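Each chain is listed here by its residues.
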Amino acid sequence: MNSKDLGGLGIGSLRAFNLALLSKWWWRFRDNTNSIWKNVITTIYGVHGGLGVSISRSNRNIVWGRISKVNIDLEQYNLDLNNLFYRNVDTGGTIITNNWGWSLSGGGEYTVSTLRKEIDIQLLKSTNLPTIWSKVVPGKINIFIWRVRLGRLSTRLNLARRGVNIPNTFCDLCNAFEENEVHIFKNYSKTLEIQGHIQTWWNDFPASTDSLEYLLGGKLYCKSVCL
């Protein structure tokens, strides 16, 4: 679910998306100085709109009450909206403009995607293997290769690690090695036989001594999709 740069599929989490959308109201409250809706909020909850403070139950609107507490949720991801918003000031400390800036965006404008990405970095698992995705290859093939590179196929070894009760973790075809991604795509006798046939017409195909990452990663994969 994480970004492709961090080994995910770039989908992102719904929780991060929801928190980023709620946080946008903090931006709107600060940046829309003369809007009617802001005047209504400040009349009910005070000049700061109750953002980041406890709102009494008698005054609490269900929607705005949730928005006001979003910073509490962000604390668990080491994020603080009060530190992410800024004002442009001169060297003497005088505020230059009434508009607020957003430190996660190069242009200073709040965007849901920037905060969502920061939350996902803290929330989702990441790897040091960026996801390789080719538009000329069917999506299911890209996803399959992504699962192989991260060791997420339902091999016997992976099933045992997940607590599935199986007789043993050895390959059911050769009974000589544990069944994992490296064995299936690199060391299994039939795999080596197929590799030998492919090498007779494809000179760039890796030898059996090359790594699985070379087979499914960068160079070879990029060459294969261009054939």
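Residues numbered from 1 in each chain as written. Predicted model: local features only at pLDDT ≥ 70, side-chain atom pairs only at ≥ 80, totals over all residues. Heavy atoms only, no water.

Colleague: Please clarify how unusual backbone geometry should be interpreted in this entry.
Modeller: Only a minority of non-glycine residues have a phi that is not negative, and only a minority of peptide bonds are not trans. If you check the backbone angles, asparagine 78 has positive phi at about 60° while not being a glycine. As for its position among the elements, asparagine 78 is in the loop between helix H4 (70-75) and helix H5 (81-84). Owing to a relative accessible area of 63%, asparagine 78 belongs among the exposed residues under this scheme. (Helix = DSSP H or I, 4+ residues; strand = E, 2+ residues; numbered from the N terminus. Buried < 20%, exposed > 50% of the residue type's maximum accessible area, 1.4 Å probe, protein only.)

Colleague: Looking at this model, I keep getting lost on the packing of helix H1 (residues 14-31) against helix H6 (residues 112-123). Mind explaining?
Modeller: Two measures define how a pair of helices packs: the angle their axes make with one another and the distance between the axes. Remark: H1 packs on H6, axes separated minimally by 8 Å, with the N-to-C direction vectors making an angle of 140°. When the interaxial angle is binned, H1 and H6 end up oblique. Where H1 crosses over H6, the two elements pack in a sense that is right-handed. Contacts between H1 and H6 involve Arg15, Ala16, Phe17, Leu19, Ala20, Leu21, Ser23 and Lys24 from the former and Val112, Leu115, Arg116, Ile119, Asp120 and Leu123 from the latter. Looking at side-chain class alone, the contact of H1 with H6 contains nine nonpolar, one polar and four charged residues. (Axes fitted to C-alpha atoms, helices over the stretch in contact; angles between N-to-C directions. Parallel < 35°, antiparallel > 145°, perpendicular 65-115°, else oblique. Left-handed = near helix turned anticlockwise from the far one by under 90°. Contact = heavy atoms within 4.5 Å. Nonpolar A, V, L, I, M, F, W, Y, C, P; charged D, E, K, R; others polar.)

Colleague: Is there a simple way to explain the packing of aromatic side chains in this structure?
Modeller: Aromatic ring pairs are described here by two measures, namely the spacing of the ring centres and the angle between the planes. If you walk through the whole model with that rule in mind, you get ten aromatic pairs. On the basis of an interplanar angle of 90° and a centroid distance of 5.4 Å, the ring pair of tryptophan 25 and tryptophan 37 is categorised as edge-to-face. One end of the pair, tryptophan 25, is in helix H1; the other, tryptophan 37, is in helix H2 (residues 36-45), with twelve residues separating them in the sequence. Judged by its relative accessible area of 31%, tryptophan 25 is partly exposed. On the accessibility criterion, tryptophan 37 (27% relative accessible area) is partly exposed. An aromatic cluster of at least three residues, connected via ring pairs, comprises Trp25, Phe29, Trp37 and Trp64. The ring centre of tryptophan 25 lies 4.6 Å from the NZ or CZ of arginine 28, which sits over that ring. (Phe/Tyr/Trp six-rings, centres within 6.5 Å; stacked < 30°, edge-to-face > 60°. Lys NZ or Arg CZ within 6 Å of the ring centre and 35° of its normal.)

Colleague: Would you mind showing me how to read the confidence of the model for the protein here?
Modeller: The predicted coordinates ought not to be read in detail in places where the model reports low pLDDT. Looking at the protein, pLDDT values average 78 and 73% of them are 70 or higher. The model gives residues 223-227 a pLDDT under 50, and that stretch makes six contacts with residues more than four places away or in other chains. (pLDDT = per-residue confidence, 0-100.)

Colleague: Looking at this model, I keep getting lost on the side chain of asparagine 71. Mind explaining?
Modeller: Tracing the chain through its elements places asparagine 71 in helix H4. Exposure remark for asparagine 71: the relative accessible area of 7% places this residue in the buried category. For asparagine 71, the side chain forms a polar contact with the main-chain nitrogen of leucine 81, separated by 2.9 Å. Residues within four places of asparagine 71 in sequence aside, it is in contact with Trp26, Leu79, Asp80, Leu81 and Asn82. (Polar contact = N/O pair within 3.5 Å; in protein donor to acceptor, adjacent residues only side chain to side chain.)

Colleague: Help me understand the packing of H1 against H2 in this model?
Modeller: As a packed pair, H1 and H2 sit with axes 9 Å apart at the nearest point and diverge in direction by 100°. What the angle tells us is that H1 and H2 run roughly perpendicular. Contacts between H1 and H2 involve Trp25, Arg28, Phe29 and Arg30 from the first element and Trp37, Lys38, Ile41 and Thr42 from the second. Here the residues of the contact of H1 with H2 sort into four nonpolar, one polar and three charged.

Colleague: Before we go on, may I ask you to explain the pattern of salt bridges in this structure?
Modeller: A pair can form between side chains of opposite charge whenever their charged atoms are brought close. What the rule picks out here adds up to four salt bridges. Two residues, arginine 66 and aspartate 73, come together in a salt bridge whose shortest N-O distance is 2.9 Å. Look at arginine 66 and you get partly exposed, because its relative accessible area is 30%. A salt bridge links aspartate 172 to arginine 156; the nearest nitrogen and oxygen atoms lie 3.7 Å apart. Here aspartate 172 is found in the loop between helix H8 (156-161) and helix H9 (181-187), whereas its partner arginine 156 is found in helix H8, with 16 residues between them in sequence. Members of the salt-bridge network, linked through shared partners, are Arg15, Arg66 and Asp73. (Salt bridge = Lys/Arg side-chain N within 4 Å of Asp/Glu carboxyl O.)

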